[in-house]
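# A closer look at the structure
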Amino acid sequence: MKERRVKANAWDYNDRFSYADNRIKTSKYNIFTFLPINLFEQFQRVANAYFSVLLILQLIPEISSLSWFTTIVPLVFVLVITAVKDATDDYFRYKSDQQVNNRQSQVLIRGSLQNEKWMNVRVGDIIKLENNQFVAADILLLCSSEPYGLCYVETAELDGETNLKVRQALTVTSDLGDISKLMDFDGEVICEPPNNKLDRFTGTLYWKGNKYPLDNEKMLLRGCVLRNTEWCFGMVIFAGSQTKLMQNCGRTKLKRTSIDKLMNTLVLWIFAFLICMGVVLAIGHTIWETYVGTNFRVFLPWDTFQISAVFSGFLTFWSYIIILNTVVPISLYVSVEVLRLGHSYFINWDRKMYHSPMGTAAEARTTTLNEELGQVEFIFSDKTGTLTQNIMVFSKCSINGQMYGMDRLKKKTACVDFSFNPLCDRRFKFFDSSLVEAIKMEDPAVQEFFRLLALCHTVMPEEKSEGNLVYQAQSPDEGALVTAARNFGFVFRARTPETVTLCEMGRTVTYQLLAILDFNNVRKRMSVIVRSPEGQIKLYSKGADTIIFERLDPSSENLMYTTSEHLSEFAGEGLRTLALAYKDLDEDYFKVWMKRLLFASTVIENREDQLAVLYDEIELGMKLLGATAIEDKLQEGVPETIACLNLADIKIWVLTGDKLETAMNIGYSCNMLRDDMNEVFVISGHSLQDVRLEENSGVIHFHCLSSFLRSAKEHILGLSRVSSAGHVEKTDAFADDSVFEEAIIAEYALVINGHSLAHVLEPQLEHILLDLACLCKTVICCRVTPMQKAQVVELVKRHKRAVTLAIGDGANDVSMIKTAHIGVGISGQEGMQAVLASDYSFAQFRYLQRLLLVHGRWSYFRMCNFLGYFFYKNFAFTLVHFWYGFFCGFSAQTVYDQWFITLFNIVYTSLPVLAMGLFDQDVNDQNSLRYPSLYKPGQQNLLFNKRQFFLCTLQGMATSFLLFFIPYGAFPLMVKEDGSPFSDQQAFAVTIATSLVIVVSVQIGLDTHYWTAVNHLFIWGSLMVYFAILFAMQSDGLFGIFPSSFPFIGTARNCLSEKSVWLVVLLTTVVCVMPGLVVRFLRVDLFPTLTDKVRRLQQSRKKQGPQEQNLRRVRRTSSRRSAYAFSHQQGFGELITSGKNIRRSTVSSLCSPERIAQSHSSSWIENMLKRKNEVSCASPESEGGAPKSVKGTVCMDPTDQAQF
């Protein structure tokens, strides 16, 4: 469908198009589809299908020597347990869906407002929203309680941003406030079909013979919350699954770990190996029957269906397939699910990942991906709400050459007392009392500084009660500046289209607002022109320091140099800087200029160009006041977390919808970008041709984007290949770039915007982009859509075959979260859409470090050790039958009795291996965080792969060989204490079984790195349980009750009472265990890994108690970055001067501080003083070095981009 037609209050008309209803469904199953779909998913595991075939074979008595219950019971158990787990997970999704679907909404039906469930809302309905209500569907705003049809919405569920957005209804519909008028409204909307573009909408309203264009500013999207607006009415355009929120959610995919996929391959290999053993034994049986078996047919005749030796060999083949199937027991999969469940609970129970201010614990929302957390190579992170708190804090300032604001690291500095100002914001903190003293002494420069901050902005005040001021800022940094002015005595109280009212040090002052020179991406500044009560006309301006400095009067030259030094120091601390200036205007000049401005505002052609010329003209010759420094508050511990993850060779890419400058600013704050990097490539073109490379003083033009990408790639490889002597080696051969990724000594960064990304994600360029990005230490993608985020993740998944993790907090991150191997949701103040779609969730980005480096690494380490040991013990257990086949006429007779075969994996060896898989750790959590390089083996898949599997099975085969042939060789030489020989097969079986249980118990003891009481209990307890069951099953009592089931009466008692048997068991154990022990000792002593070194260090420091993580702080020097305007939006000044967003104040007195309570108490906010400088995590491999020289910044079309 190319277009969508929706008519208001016309159900019959809209029903013709079969639009989706407003019901949402994120669950996968229903009561009818659960069984077939779930079984289909479970039988995608090769092992489940394999065991089903074995079960069918065991039901055939002619070939089965084992009872069918030995397979069907564990198989059904696994299927049921997995099905219950899947059903439980899906039920919670269903409950969440029902909770949303059953929310109430007021719908206009037959002339009255009626409460309806969200799921019953239909396209074309007119619904009423009230303050603080969620928007039920994507609706066209018709009217509101605010003047001119304005309303304010919070889009945290969509983009993670908590600052309010303004939406405005069409003028022709803004007066439809009465129910009768809304009932008569029959407008038809023709618009675009459903899509996932959160920032774009195109449509037309047809009403009363006229056409009215519609855009995104007229829409309220599902997931938004109505704020500061008493009520509004809207018409449903998209509902349910067709809303933009749900379009961005994507489908729930079945995620499987790389170990799961490897297991499928290994099961196929084992099955092939099993067939080979069956063929060998079947051939042996055929030969034996032909040449030897004929001698026994006199007293052991064939059954009637056995017609030849070949057919007998065919039946024997299937018999051995059944007997040898325990090389992959079904208990393996039961144990894996138990381990994953346990690892998930460890994450949920980790108090160090509990965020006490919000009462939020970490949550593993899936149990199938834990070991994958130990193999992550790429992290794709959102910015707003994930890395940052979206909170701006006024930190420092420079006024008339004097710098104010103490170093944030000096935690003992007392907070400034603002009790002199009854209108102050109690939450505001500042740590330099000298600025307050300057205010109290009425320093003219300081007063003018804060007067500028209180006047030059587009903030809207809300004062519902006396003194209770709430600022609604379009950008959080504007709010921070106005709040700073408020606390220092210049309180912004009210505005009208013509005036701005301040409370200056307790005195009400009203300024006439003559003009607002609005911000845009080219100007990078905004100015206001006001008339003071004394009649003086002044221009106040703030913006990027480089832009302001170009427009200063020569008299400010000395002050400019001093302020510039302060700005560089601010930027070195990662603060966002802004320059402030003012100018006195002559009355006659201003009148002439104003006439020219009015004329330019009415022209049709080149209006913006003419306005820009006039703005530049009046903003020349300004006098510098100073500069501000705002801290874009990162979440606690973000720089430290990123530094440690980088040391673990995890590449972090930031994918954000913010503007390029804002994204780069955060990159510098997080130390992902640094001025000592060799190059920073910035790609910000709008098309394939709109690209250029700027390097130092020269400008090199390229014909297309691909030329730049290739040149940048060759530039890195050509300059950064290191020879063995340590010098840089240039070469023209770029055949295999991946070989050189580890050899790059220079550090590079890539910053790319959404327009350029759209082109380079085309098939012909995506490989070059990926190669270039992987050669860079930092990658930042800005102005990207939710779909582009998912495409970038998919690109890395498809071509790098690396484990990817996506982390975000808003609905715009859902596609990325679902596309990545692992999705992590931040459960903060910015909504729950990302959490609901995620695999893991917690409250702060810093917990990602512990999730990966501790829980992820441990889970991977434990799972790999578990699998290696499991395959070892089962090959050792099963292949004894293979060797025995050569000595029993290949008759498919088992060495062990049937009960031992049934209980070996379920009882005798299940708990010790579970204890190892749950509790084992090579190093503790402190050392896991202190030495991030320990994480690298998981990325390289070193602990369990096809080679490790082969070594484990080889060790198992050797053990099975020794387990059989040592007793086999010893038994003919042994005699009992009474002189009789050991001639019975049952004694031989007990000896081998006892040796096997002891050998595998000793082996798991050697494989265990971290002993707990549980390990001791399970290992030694399992041995005691083995002997207890063995003696019980071969006792007189059970034989008397079940003679056919327990025929080997007294065998264990007679056999294990002989000293010679215990000598054989001891010899077998020593010979089986000693080679592996020697190899392990030599490897650790001669070729120790980093893990071995850390374990040795940990053991030597064990008595010293826990060590705190050593963090090395490096003060970063940086070029200053002005970023105020970058988070501001163009056009807000025009909205203010039009008066459309002015709320009628209900407060009679604008300034009556004496009526405001003075008593208040301020609590320390420790996070205000948290360090934000670069932090490196100590590592055995990291050594301090001199900073690299700065070679410049490589940029491509650095023009600021308009918002998507």
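Residues numbered from 1 in each chain as written. Predicted model: local features only at pLDDT ≥ 70, side-chain atom pairs only at ≥ 80, totals over all residues. Heavy atoms only, no water.

A separate point is the overall build of the protein chain. Along the protein chain, the regular secondary structure elements total 38 helices and 38 strands. Going through the 1204 residues of the protein chain one by one, you find that 58% of them count as buried. The long-range fraction of contacts in the protein chain, counting pairs at least 24 apart against all pairs at least 6 apart in sequence, stands at 76%. Working note: accessible area of the protein chain is about 50500 Å², and carbon and sulfur atoms make up 57% of it. (Helix = DSSP H or I, 4+ residues; strand = E, 2+ residues; numbered from the N terminus. Buried < 20%, exposed > 50% of the residue type's maximum accessible area, 1.4 Å probe, protein only. Contact = heavy atoms within 4.5 Å. Areas by Shrake-Rupley, 256 points an atom, 1.4 Å probe, with all protein chains shown as cover.)

Counted residue by residue, strand β26 (residues 623-634) has eleven buried out of twelve residues, so it is predominantly covered. One ladder, built from nine bridges, connects strand β16 (residues 388-399) with β26; its direction is antiparallel. Counted as the bridge partner of T388 is L634 from β26. (Pairing = 2+ DSSP bridges.)

Another point: the confidence of the model for the protein chain. On average, residues of the protein chain score 81 in pLDDT, and 83% of them reach the 70 mark or higher. A low-confidence stretch, residues 1107-1117 stays under pLDDT 50, and its non-local contacts, those more than four residues away or across chains, total 41 contacts. (pLDDT = per-residue confidence, 0-100.)

On to helix α18 (residues 638-647). Owing to its 3.6 residues per turn, the α-helix brings residues three or four apart onto one side. When you tally the buried positions in α18, you get eight out of ten residues, the bulk of the element. Every buried residue of α18 is listed here: V638, P639, E640, T641, I642, A643, C644 and L645. Count one or two residues on from α18 and you reach D649, which has phi positive near 65°.

Summed over the entire model, instances satisfying the criterion amount to 41 salt bridges. Of the charged contacts, one joins E192 and K244 as a salt bridge, the two residues approaching to 3.3 Å between their closest N and O atoms. Separated by 52 residues along the polypeptide, E192 in the loop between β8 (188-191) and β9 (203-207) and K244 in helix α7 (residues 244-247) bring together distant segments of the chain. A residue is classified by how much of its surface remains accessible, and E192, at 16% relative accessible area, is buried. Residues R850 and D925 are paired through a salt bridge, measuring 3.0 Å at the closest nitrogen-oxygen approach. Pair noted here: R850 is in helix α26 (residues 847-885) and D925 is in helix α29 (residues 925-930), with a separation of 75 residues, a long-range link. An identical accessibility class is assigned to R850 and D925; each is buried. (Salt bridge = Lys/Arg side-chain N within 4 Å of Asp/Glu carboxyl O.)

Let's shift gears to helix α11 (residues 433-440). Residues L435, V436, A438 and I439 constitute the buried set of α11. Buried residues of α11 fall within an arc of 155° about the axis and therefore sit on the same side. Those residues of α11 that are buried are in contact with β16, β17 (402-404), α12 (444-455) and β20 (490-495). Downstream of α11 by a residue or two, E442 has a phi angle that is positive, lying close to 60°. (Arc of directions from axis to C-beta.)

A few words on unusual backbone geometry. Its identity is not glycine, yet N132 carries a phi of approximately 70°, on the positive side. Residue position: N132 is located in the loop between β4 (126-130) and β5 (138-144). The backbone phi angle of E442 is positive, close to 60°, even though this residue is not glycine. Looking at where E442 falls in the secondary structure, it is placed in the loop between α11 and α12.

The next thing to look at is the packing of aromatic side chains. This structure, assessed with the given rule, holds 59 aromatic pairs. With centroids separated by 5.4 Å and ring planes inclined at 85°, the aromatic side chains of F380 and W653 adopt a geometry described as edge-to-face. Taken together, the residues F380 in strand β15 (residues 376-381) and W653 in strand β27 (residues 651-655) connect sequence positions 273 residues apart. Its relative accessible area of 0% is what places F380 among the buried residues. Note on W653: relative accessible area 4%, which makes it buried. Ring geometry for F877 and F904: centres 4.2 Å apart, planes at 15°, overall stacked. Note that F877 is positioned in helix α26 and F904 in helix α27 (residues 898-908), a separation of 27 residues in sequence. (Phe/Tyr/Trp six-rings, centres within 6.5 Å; stacked < 30°, edge-to-face > 60°.)

Before going further, it helps to spend a moment on the packing of helix α31 (residues 946-970) against helix α32 (residues 985-1007). Where α31 meets α32, the axes come as close as 10 Å, and the angle between the chain directions of the two elements is 145°. Between α31 and α32 lies a crossing whose hand is right-handed. Contacts between α31 and α32 involve Q955, T959, L963, F964, P967 and Y968 from the first element and F988, T991, I992, S995, L996, V999 and Q1003 from the second. Its residues placed into classes, the contact of α31 with α32 shows eight nonpolar, five polar and no charged. (Axes fitted to C-alpha atoms, helices over the stretch in contact; angles between N-to-C directions. Left-handed = near helix turned anticlockwise from the far one by under 90°. Nonpolar A, V, L, I, M, F, W, Y, C, P; charged D, E, K, R; others polar.)

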